[in-house]
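What the coordinates show
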Amino acid sequence: MTDASKENRGRRMTRLFLHRFRQNRWMLAAAIVGVIVVHLTAGQAGIVAAAIAALFVFAALAPSRMPRERAAEQIEAAGHQAGMSGELLAAAVTDPLIVFDGDGAIVHANRAAVDAFGNLTPGILLLLKFRAPEMQEMIQTVLFGRAPSREIDYAERVPIERVFRVTASAVGRGTGLYVMVFKDQSEARRIDRMRADFIANASHELRTPLASISGFVETLRGPARDDPGARDQFLKIMQNQTVRMARLIDDLLSLSRLEMRPTLKPGSRIDLRALLHNVADSLTPLATENGVTIERDFPDAPLDVMGDRDELFQVFENLVENACKYGQSGAKVIISIAQAQSAAGQETTVTIRDFGPGIAEEHIPRLTERFYRVDAGASRAQKGTGLGLAIVKHILTRHNARLSISSKLGEGAAFTVHFAPA
């Protein structure tokens, strides 16, 4: 052994001696005090000196239990902290999360899971809670170790239809615990379905006039080539179909622009009276053509709202045009402006009322859906695209306003725009 090794060993022994002495100092002090007390009462100096020396040696050589105890306390605290952090982590997850054991019994469920699936008391078996075949198969696959993790799509239809992407996997190694996370896909599925419906409806709306135009072109190039009367009639129909396609494309572009900037809030002040006068004047020829009179019920003083003039003009032009077309049997349309007190302040409303056949109650909630029509034949006859009220809804949302519809069969319909207090 080299001198350096001996020196290092000596230093380690010295540090160990001092460490053990410090760890046992209180026991040593108590023993010394006890021996001194005995000495004072018995008067045996030699025995006392020997006892004190022995205690010093014992304090220096006795193994220290404090590091072990401290390690045990740290392990216990770490376990407690891990449990607490696990629950806190589960609570912080916004998606439903369930932790279960090797028997398939629930160990912990976060608040999102309880809100989504109701009672998830610890101890409940997941196989009894989720009875869908795909869920049963996934739980058993993970529990029996046939796969470390599994992912499926799970749908709940009560009380409302919801679709979840469910992932189940083991927690670590040898813990005997498993975790199941539910990712709500309902909104994504709804948007995908809406997009597919939109493409299908738009394709159908464009295909119909295109097929009509194509058929008339073939007729004009064939049997009606030398028939002036048929040629004029077919060209007129083709022109109407072309106008219809142009209107549809314009509405699609308008809707697309609105959806690209839904949070852009307009900031100029608009005089509703002047705006509605312009709308009524521009639609007077259409009203006359349909045998309808537009009546105005406006206050004397100007009434301002915050908004974009062109967009609000489009809203009221659409509503008044619909009233003139579909309520023409009532012979009049009334445009009125009013103010009413609400919980948030004074609310401004504009109502367009017709006295036509009215709208059945079951149709009212769907009127603002794209391409939804109460009577498809009548709508197409009036050159409607099925997008007008969808555009109205988007514009009003941008203006922090809303549309309400009331109607009774045989009594006409009223479309009211509610502007929030400024």
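Residues numbered from 1 in each chain as written. Predicted model: local features only at pLDDT ≥ 70, side-chain atom pairs only at ≥ 80, totals over all residues. Heavy atoms only, no water.

1. Topic: unusual backbone geometry
Put simply, the test is: Note on conventions: DSSP H or I runs of at least 4 residues are helices, E runs of at least 2 residues are strands, and numbering of each starts at the N terminus. Only protein chains enter the accessibility calculation, which uses a 1.4 Å probe; a residue is then buried when its area is under 20% of its type maximum, exposed when over 50%, and partly exposed in between.
The phi angle at Asn400 is positive, at roughly 55°, despite the residue not being glycine. The topology assignment puts Asn400 in the loop between α13 (388–398) and β11 (401–407). The exposure class of Asn400 is exposed, given its relative accessible area of 55%.

2. Focus: the packing of aromatic side chains
For the record, the criterion: Two rings belonging to Phe, Tyr or Trp (six-membered ring only in the last case) form a pair when the distance between their centres is within 6.5 Å. Interplanar angles under 30 degrees mark stacking, angles over 60 mark edge-to-face geometry, and anything in between is tilted. Charge-over-ring placement is defined geometrically: NZ (Lys) or CZ (Arg) within 6 Å of the ring centre, and within 35 degrees of the ring normal.
The tally for this structure, following the rule as stated, stands at nine aromatic pairs. Plain terms: the ring middles of Phe130 and Tyr154 are 6.0 Å apart, the flat faces sit at 85° to each other, and that makes the pair edge-to-face. Of this pair, Phe130 sits in the loop between α6 (126–129) and α7 (133–143) while Tyr154 sits in strand β3 (residues 149–156), and the two are 24 residues apart along the sequence. A relative accessible area of 7% means that Tyr154 is categorised as buried. An aromatic cluster is present here, built from Phe117, Phe130, Tyr154, Phe164 and Phe182 joined pairwise through their rings. The aromatic ring of Phe355 is capped on one face by Lys332, whose charged end is 4.9 Å from the ring centroid.

3. Section: the nonpolar core
To be explicit about the condition: In this description, a nonpolar core means a group of buried Ala, Val, Leu, Ile, Met, Phe, Trp, Tyr and Cys residues linked to one another through side-chain atoms lying within 4.5 Å. Two residues form a contact once any of their heavy atoms are found within 4.5 Å.
Phe316, Leu319, Ile335, Val350, Ile352 and Phe419 are the most contacted members of the largest nonpolar core, which totals 48 residues. Residue assignment for this core shows that the elements contributing at least two residues are α9 (228–260), α10 (272–289), α11 (309–326), β9 (332–342), β10 (345–354), α13, β11 and β12 (413–419). Residue contacts for Val350: discarding those within four places in its chain leaves Leu272, Leu276, Phe316, Ile335, Ser336, Ile337, Phe415, Thr416, Val417 and Phe419.

4. Some points on the pattern of salt bridges
Heads up, the rule is: Whenever a carboxyl oxygen of Asp or Glu lies within 4 Å of a side-chain nitrogen of Lys or Arg, that contact is scored as a salt bridge.
Taken as a whole, this structure holds 12 salt bridges when the rule is applied. Across the pair Arg165 and Asp153 runs a salt bridge, and its minimum N-O distance is 2.3 Å. Taken together, the residues Arg165 in strand β4 (residues 162–170) and Asp153 in strand β3 connect sequence positions 12 residues apart. Overall, the relative accessible area of 34% leaves Asp153 in the partly exposed class. Note that Arg189 is salt-bridged to Asp153, the shortest N-O span being 3.2 Å. Linking Arg189 in helix α8 (residues 186–221) with Asp153 in strand β3, this pair joins segments that are 36 residues apart in sequence. Here Arg189 falls in the partly exposed class, since its relative accessible area comes to 31%. Members of the salt-bridge network, linked through shared partners, are Glu151, Asp153, Arg165 and Arg189.

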